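Tertiary structure, described
Each chain is listed here by its residues.
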Amino acid sequence: MAGWTRHQGLGVGLPFENIDTDQLIPARFMSAPRSEGYGKFLLHDLRHDGDGAAIPDFPLDDPAATGASILVARRNFGGGSSREAAVYALVDGGFRVVIAPSFGDIFAGNAVNNGLLPARVTEADADALLAAMPGDLAIDLDRCTVTAGNVVIDFEIDPVWRTKLINGWDDIDLTRAHEREIRDFIAARRAARPWAWPREVGA
Amino acid sequence: MSAPLTLFDKIWQAHEIHAREDGASLLFVDRHFVHEGSHHAFRKLAERGQGVAQPDLTFGVADHYVPTRGRGKDHAATTIADPAIARMVSTLEENAGKHGFRLFGLDDPRQGIVHVVGPEQGLTLPGLVINCGDSHTSTHGAFGAFGFGIGATEVAHVLATQTIWQKKPARMRIRFEGKLAPGVAAKDMALAWIARLGTDGGRGAAIEYAGSAVRALSMEGRMTLCNLSIEGGARCGMVAPDATTFAYLEDRPFAPQGTAREQALADWAELVSDPDATFEREVVIDAQDIAPIVTWGTSPEDALPITESVPDPARAGSASEAERIRAALDYMDLRPGMKLSEIAVDQVFIGSCTNARIEDLRAAAAVLAGRRAQVPGLVSPGSSLVKAQAEAEGLDRIFTEAGLEWVAAGCSMCVGMNGDIVAPGKRCASTTNRNFRGRQGPGARTHLMSPIMVAAAAVTGHLADVRPMLAGRL
Ligand code: SF4
């Protein structure tokens, strides 16, 4: 995965709280292989009625928001299920950044693992940004800022996640460097706490 | 003297392989549970040409996609009618075979929901780090373990390395002091704190549940409480192990026995927060003030005692809150100000990793015995062993005689992905953990509550206070 530091793109507002991962991608779509592209499942049941017809005036389907790559939402975005498919739907749908006052914990970690930035802003800043959407935004991961016109807003992100996004790190590659430590750790733990290794009775 | 530590600190320290300068730590993972939904992770592993590092610490369970009906004695994945679902289950079987880890598959008498099976089999133990690609892995914290859900990229990482990178979460303690009133259960404790602090009230934190009301809970109750930690935004929830925990683990198939158990018990005795350990956040809740709770909206924080009324957006604290309440009431088709006990339901569901263990089924059956359900409903035990136990106790007959359907074990109607769904526009009183829009199927309306409260809704046909129905029964 490629790292990145700056991103300039069109922002779109989704002015709701608690957009959980079941909304981001309903469970019934998750058996599809990723190669199909998950963008078409993004927020499917909020965007379509029971017969599959598009719901008019849904913010993401506003012609003025075509090609948006930055999503602005309200608190507790991505709460709920650990499904990484929620992030696939956003990424395959063209998004690089989500801005909200708070995020589901597992969602935010999944986002970073896929190069998607979960940027935390205050409720007031989220409201101000929402009022300006759709509109052009510039994200700077070095300075942790969102720029809208001549307004600059600070966002927060855990430093570990920030470094990971900037470098495009892959955890499995990073962990390889610790193979020896892991082996030693396992040997020591197994000697000190043999009960922690499962052994089936009678097996 | 070393600094006082919390229970969480002790588990963290015992698993830290490497602490990176930026604050991320590499932790050892003692147990890794996978299910059909882990297919993205196995594909990532295959793409890298990598195998499973520690198959003896990896356990597979078929639960999310499995049908709960038409399962015979020797059914295989190939007998599943829906081809997409059959493919999911057989992919898991193939991966178990290829990588050599133990699978509790569709034809295994121990099959069930991953968070029910792990504890039941004694795979979940105090002091362990436990991962699964499922957010309700927090359930395992009931044993004094650090159990947390992870995404597919992390699942692939654990498979490949048996480790995980983590930033140390903030420590939070929620103490429930005093005694629960009759008819109030662990589910009500969980919904009570989430209603009070919000769905991001425990954001990213490691919660330790403590206090006399928690100590008094059975293991089943503690699992329900820890299960819902994720609905309050926490990374995990945990309860310090004690005599209740140790008794539960005695003679479980994979739990340590003999001298191993003695050694384990000595280690487990250390798993408590030191008396002067500090928590970044501490919340105290009076257990006796908690009433049976139901949710009215589309988020677990939308929860109120059954004696109250549907909130009025006109009285909301802020414009965005008013908007949120209005949208939730619109989806749920409810009037502001109507009494919660006036809400008529179309069906009920008893099941899921939150509330489908034997104690939950016994409690619901105690309310349903000799009564008729006014609406249809489904009862899906948390595991095939819970099913067998319930049948041995005659609970299945109580459910079917009340007019409810008794089906096989799995995630069932908790999540609209295995064929058990709530039809569009229908309203369900449910023992599950998420009342999100469409969680139980597109357009489904879900009200969360405890098993006995679902039983009360079944008997009356509307949300109802179970307490008057309990006389002489619980
Ligand atoms: S029962 Fe529901 S919440 Fe529990 S593991 Fe299954 S789908 Fe997840």
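Residues numbered from 1 in each chain as written. Chains lettered and ligands numbered in written order. Predicted model: local features only at pLDDT ≥ 70, side-chain atom pairs only at ≥ 80, totals over all residues. Heavy atoms only, no water.

1. Some remarks on the overall build of chain A
- Helix and strand counts for chain A come out as 8 helices and 7 strands.
- Dimensions along the principal axes, computed over C-alpha positions, put chain A at roughly 65 × 45 × 30 Å.
- Of all 203 residues assigned to chain A, the portion counted as buried reaches 57%.
- Considering only intrachain contacts with a sequence separation of at least 6, the fraction spanning at least 24 residues in chain A is 67%. (Helix = DSSP H or I, 4+ residues; strand = E, 2+ residues; numbered from the N terminus. Buried < 20%, exposed > 50% of the residue type's maximum accessible area, 1.4 Å probe, protein only. Contact = heavy atoms within 4.5 Å.)

2. Focus: the overall build of chain B
- For chain B, the helix and strand inventory stands at 15 helices and 19 strands.
- Taking the principal axes of the C-alpha coordinates as reference, chain B spans close to 55 × 55 × 45 Å.
- In chain B, buried positions account for 66% of the 474 residues.

3. Concerning the domain arrangement of chain B
All names here are of chain B.
- Under the domain assignment used here, chain B contains domain 1 (7–166), domain 2 (168–241 + 252–289) and domain 3 (293–469).
- Here the C-alpha centroids of domain 1 and domain 2 sit 22 Å apart.
- Across the contact, 33 residues belong to domain 1 and 31 residues belong to domain 2.
- Between domain 1 and domain 2, the buried area comes to about 2,700 Å², and carbon and sulfur atoms account for 65% of it.
- Summed over the shared surface of domain 1 and domain 2, the number is 3 salt bridges.
- The closest approach of N and O atoms between Arg 171 and Asp 9, which form a salt bridge, is 2.8 Å. (Domains from an automatic or database assignment. Buried area = accessible area lost by both parts, 1.4 Å probe. Salt bridge = Lys/Arg side-chain N within 4 Å of Asp/Glu carboxyl O.)

4. Topic: the nonpolar core
- Counting 221 residues, the largest nonpolar core has Phe 77 and Ile 99 of chain A together with Phe 176 and Phe 399 of chain B as the members making the most contacts within it.
- For this core, the element with the most residues is helix α15 (residues 451–460) of chain B, which contributes 8 residues.
- Those residues in contact with Phe 77 of chain A that lie beyond four places of it in its chain are Leu 14, Ile 19, Leu 24, Leu 71, Leu 90, Val 98, Ala 100, Ser 102, Phe 103, Gly 104 and Phe 107 of chain A.
- Ranked by size, the runner-up nonpolar core spans 7 residues in total, among them Phe 349, Met 413, Cys 428 and Ala 444 of chain B. (Core = buried A, V, L, I, M, F, W, Y, C linked by side-chain atoms within 4.5 Å.)

5. Section: the environment of Leu 7 of chain B
Residue and element names in this part refer to chain B.
- Mapped onto the fold, Leu 7 is located in helix α1 (residues 7–15).
- Judged by relative accessible area, which is 0%, Leu 7 ranks as buried.
- Not counting chain neighbours up to four residues away, the residues in contact with Leu 7 comprise Glu 208, Met 238, Val 239, Ala 240, Leu 271, Val 272 and Ser 273.

6. Points about the pairing of strand β18 (residues 427–430) of chain B
Residues and elements named next belong to chain B.
- The side-chain alternation of β18 yields two buried faces, one formed by Arg 427 and Ala 429 and the other by Cys 428 and Ser 430.
- Sheet topology places strand β15 (residues 347–350) next to β18; 3 bridges connect them, and they run parallel. Each bridged residue has a counterpart across the sheet, and for Val 348 the counterpart in β18 is Ala 429.
- When β18 meets strand β19 (residues 445–448), the two strands line up parallel, connected through 4 bridges. Bridge pairing links Ala 429 to His 447 in β19. (Pairing = 2+ DSSP bridges.)

7. Let's talk about the sheet that holds strand β16 (residues 377–379) of chain B
- As summarised here, the arrangement of the 5 strands in space is β17-β16-β15-β18-β19 (chain B), forming an open sheet in which the pairing is parallel. Of all the strands in the sheet, just β17 (405–406) and β19 of chain B have a single pairing partner and so form its edges.

8. Some details on the site of the ligand
Residues and elements named next belong to chain B.
- Close to the ligand lie His 64, Ile 113, His 115, Asp 134, His 136, Ser 352, Cys 353, Cys 411, Cys 414, Val 415, Asn 433 and Arg 439, which account for all nearby residues.
- Here the shell around the ligand is built from residues that sort into 5 nonpolar, 5 polar and 2 charged.
- Both domains that meet at the shell around the ligand, namely domain 1 (7–166) and domain 3 (293–469), each give it at least three residues. (Near = heavy atom within 4 Å. Nonpolar A, V, L, I, M, F, W, Y, C, P; charged D, E, K, R; others polar.)

9. A few points about the pattern of salt bridges
- For the coordinates displayed, the defined rule picks out 49 salt bridges over all chains.
- With a closest N to O distance of 2.4 Å, Arg 235 of chain B and Asp 105 of chain A form a salt bridge. A residue pair is termed interchain when its members come from two chains, as with Arg 235 of chain B in the loop between α8 (219–227) and β11 (236–238) and Asp 105 of chain A in helix α4 (residues 105–113). Side by side, Arg 235 of chain B and Asp 105 of chain A carry an identical accessibility label, which is buried.
- Note that Glu 393 of chain B and Arg 362 of chain B form a salt bridge whose closest N and O atoms lie 2.7 Å from each other. Here the residue Glu 393 of chain B occupies a position in the loop between α13 (384–392) and α14 (395–401), and Arg 362 of chain B occupies one in helix α12 (residues 358–368), the gap between them amounting to 31 residues.
- You can call Glu 393 of chain B partly exposed: its relative accessible area is 33%.
- What emerges from the salt-bridge pattern is a single network uniting Glu 17 and Arg 75 of chain A together with Asp 200, Glu 301, Asp 302 and Arg 324 of chain B.

10. Structural notes on unusual backbone geometry
All names here are of chain A.
- The omega angle of the peptide bond from Met 133 to Pro 134 is -10°, so this bond is cis rather than trans.
- Mapped onto the secondary structure, Pro 134 falls in the loop between α5 (123–131) and β5 (135–140).
- Positioned with a positive phi, Leu 43 is a non-glycine residue whose angle comes to about 55°.
- A positive phi angle is found at Asp 57, which is not glycine, with a value near 70°.
- Mapped onto the secondary structure, Asp 57 falls in the loop between α2 (44–47) and β2 (70–73).
- Note on Asp 57: relative accessible area 79%, which makes it exposed.

11. Things to note about the packing of aromatic side chains
- Within this structure, the stated rule accounts for 20 aromatic pairs over all chains.
- Between the aromatic rings of Phe 77 of chain A and Phe 103 of chain A, the centroid separation amounts to 6.2 Å while the plane-to-plane angle is 80°, which identifies the pairing as edge-to-face. You can see Phe 77 of chain A sitting in the loop between β2 and α3 (85–92) and its partner Phe 103 of chain A sitting in the loop between β3 (97–100) and α4, a full 26 residues away along the chain.
- Given a relative accessible area of 6%, Phe 103 of chain A falls into the buried group.
- Here the aromatic rings of Phe 143 of chain B and Tyr 248 of chain B are separated by 5.3 Å at their centres, their planes lie at 65°, and the arrangement is edge-to-face. Taken together, the residues Phe 143 of chain B in the loop between β6 (129–132) and β7 (146–149) and Tyr 248 of chain B in helix α9 (residues 243–249) connect sequence positions 105 residues apart. Like Phe 143 of chain B, the residue Tyr 248 of chain B is buried in the burial classification. (Phe/Tyr/Trp six-rings, centres within 6.5 Å; stacked < 30°, edge-to-face > 60°.)

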